[in-house]
Amino acid sequence: MIKNFFVPLFDAEKRVREYGREDRWQTVSVIIWLAIAAFAVMGFVDLLQRSYFPLATAIASVLMLYGGLRAGKKKKNTLPVEIATFIILAGFFTAYIICGSNDGLSVLWIIFVPFLYMTMINLRLGLGLSVYYLLLLVLTFYGPLQGLLRYNYSPMMRTRFPLLYLVDGVISLYCVRKMLLDRSELIQAQEKLQVISFVDVNTGLQNRAAYSHYQQNADFTGMGQLAVVFIDVNGLHELNNRLGHQAGDEMLRFVGQLCVQMFPENRVYRLGGDEFLMVIERKEQCVIQKTMDALDAKVQEAGYSIAYGLEFRREHFDLEDMVNAADNKMLGAKAEHYRKLDRDGR
């Protein structure tokens, strides 16, 4: 039962973290700045009340949180912030419980830990902190570690607060699990929808929408060479008229699958109709040309025909410009194909 509860929870949390990697930094940053503001306000109150230990921990917390933000800002890595918050909560808040700072009111800070930390910072660390605080409260308020307390909590506080924290932790865990599972299901639905919208139904290749997405997000920094191959399948219209659309679909599937077989590690798109596009990264022009010759030969062996244009560059990787150049070369090859047919016909 416990496994069935936690395994889906951790799987959902992993999916949510990976899917929202870009937005996560912004979310965590806002939370940490709010925490910095809260610590600053409490530090100011501690200063007015001359509560110097809480003041020192508030200042240290502000510095650690700000340092975590600065350390992770460049690569938008939340790990330094997660470590900083864990140290603050595990260290300073433990001292709050034992010392009873601000007439025992500082212990109330830990009420916020289970829900906020598990949802906003780190599920596993938040869960670990929640269990740690619960054990600490039970052992110091009820059990053998009572001698560690440096503040005389009232009997009612000793009796009720650990129970209150337990209820808070259970409710928080249930809410967090429900939120993460719902978010995970939504992400899965979005991913399935994206797959459907990015896949050509007939050939199983990526479609024009997928290519547009790739074009908008492609980063060719540091790439030594890039090639684009624009392919047009000859005679699709004539084949459809002569043998039906099923025969034309079979030809398109054959050509598409052959492109994937010959260039398995590269991007192959069906742009629509009889047009295919391949974006080939980090391969020499002679290797690409040799592979295209072999591909063309296999197409002809199957009784089909293609025209293609190859654009290869070592710099100035303007993808749209490269596609246009390959398209123009393909049109020249296609025109030559039909001129040859006319000559052979005569």
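Keep in mind that this is a model prediction, so the values were computed, not measured. (Residues numbered from 1 in each chain as written. Predicted model: local features only at pLDDT ≥ 70, side-chain atom pairs only at ≥ 80, totals over all residues. Heavy atoms only, no water.)

Structural notes on the pairing of strand E3 (residues 275–281)
In terms of residue burial, E3 counts as a mostly covered element, since 5 of its 7 residues are buried. Where strand E1 (residues 226–233) lies against E3, 7 bridges are found, and the strand directions are antiparallel. Along E3, the bridge assignment pairs Val229 with Met278. Between strand E2 (residues 267–272) and E3, which pair antiparallel in sequence order, lie 2 residues; one of them, Gly273, sits at a positive phi of approximately 60°. (Buried < 20%, exposed > 50% of the residue type's maximum accessible area, 1.4 Å probe, protein only. Helix = DSSP H or I, 4+ residues; strand = E, 2+ residues; numbered from the N terminus. Pairing = 2+ DSSP bridges.)

Describing the packing of aromatic side chains
Going through the model one piece at a time under the given rule, you end up with 16 aromatic pairs. Seen in terms of ring centroids, Tyr133 and Tyr165 are 6.3 Å apart; in terms of plane orientation they differ by 85°. Their pairing is edge-to-face. In this pair, Tyr133 is assigned in helix H6 (residues 123–141) and Tyr165 in helix H7 (residues 155–198), connecting sequence segments 32 residues apart. Taken together, the ring pairs connect Phe39, Phe53, Phe93, Tyr96 and Trp109 into an aromatic cluster. Over the face of the ring belonging to Phe10 we find Arg124, whose NZ or CZ atom lies 4.2 Å from the ring centre. It is Arg177 that lies over the ring of Phe5; its NZ or CZ is 4.5 Å from the centre. (Phe/Tyr/Trp six-rings, centres within 6.5 Å; stacked < 30°, edge-to-face > 60°. Lys NZ or Arg CZ within 6 Å of the ring centre and 35° of its normal.)

So, the layout of surface pockets
Approximately 480 Å³ is the volume found for the largest pocket. In terms of lining residues, the largest pocket is bounded by 18 residues, among which Ile31, Ala35, Trp109, Phe112 and Leu116 are the most central. Those elements giving two or more residues to the lining of the largest pocket turn out to be helix H2 (21–49), helix H4 (79–99) and helix H5 (113–121). With 6 residues, the top contributor of residues to the lining of the largest pocket is H2. Taken together, the residues that form the lining of the largest pocket break down as 17 nonpolar, 1 polar and no charged. (1 Å grid on protein atoms, 1.4 Å probe; cavity = no way out; pocket = protein on both sides within 12 Å on 5 of 7 lines; lining within 4 Å. Points joined across faces, edges and corners; volume = space filled by probe spheres on them. Nonpolar A, V, L, I, M, F, W, Y, C, P; charged D, E, K, R; others polar.)

Describing the side chain of Asp200
The topology assignment puts Asp200 in the loop between H7 and helix H8 (208–217). At 3.3 Å, the side chain of Asp200 forms a polar contact with the side chain of Arg270. When sequence neighbours within four positions are dropped, the list of residues in contact with Asp200 reads Leu205, Gln206, Asn207 and Arg270. (Polar contact = N/O pair within 3.5 Å; in protein donor to acceptor, adjacent residues only side chain to side chain. Contact = heavy atoms within 4.5 Å.)

Remarks on the side chain of Glu13
Mapping Glu13 onto the fold places it in helix H1 (residues 2–19). Those residues in contact with Glu13 that lie beyond four places of it in its chain are Leu123, Arg124 and Leu180.

Topic: the sheet that holds E3
Read across the open sheet, the 4 strands follow the order E2-E3-E1-E4; overall the sheet is antiparallel. Edge positions in the open sheet fall to E2 and strand E4 (306–313), since each of these has one partner strand only. Averaged over all neighbouring strand pairs, the angle between strand axes comes to 15°, with direction disregarded. (Axes fitted to C-alpha atoms, helices over the stretch in contact; angles between N-to-C directions.)

With respect to the environment of Ile231
Note that Ile231 resides in strand E1. Residue classification places Ile231 among the buried positions, given a relative accessible area of 0%. Taking the C-alpha atoms as reference, Ile231 lies 43 Å from Glu13; in sequence the two are 218 residues apart. When sequence neighbours within four positions are dropped, the list of residues in contact with Ile231 reads Cys259, Asp274, Glu275, Phe276, Met278, Met292, Ile306, Ala307 and Tyr308.

Considerations on H8
Within the span of H8, buried status applies to Ala210, Tyr211 and Tyr214. When H8 is viewed along its axis, its buried side chains cluster within an angular range of 100° and face the same direction. Regarding H8, its N-cap is Asn207, as a side-chain oxygen of that residue lies 3.2 Å from the backbone nitrogen of Ala209 further along. (Arc of directions from axis to C-beta.)

Quick look at the pattern of salt bridges
In the structure shown here, the tally under the stated rule is 13 salt bridges. We note a salt bridge from Glu284 to Arg314, for which the minimum N-O separation is 2.7 Å. In this pair, Glu284 sits in the loop between E3 and helix H11 (285–301) while Arg314 sits in the loop between E4 and helix H12 (319–345), placing the two residues 30 residues apart along the sequence. Given a relative accessible area of 33%, Glu284 falls into the partly exposed group. By relative accessible area, which is 48% here, Arg314 ends up partly exposed. For Arg313, the salt bridge identified is with Asp321, shortest N-O distance 2.5 Å. Owing to a relative accessible area of 16%, Arg313 belongs among the buried residues under this scheme. (Salt bridge = Lys/Arg side-chain N within 4 Å of Asp/Glu carboxyl O.)

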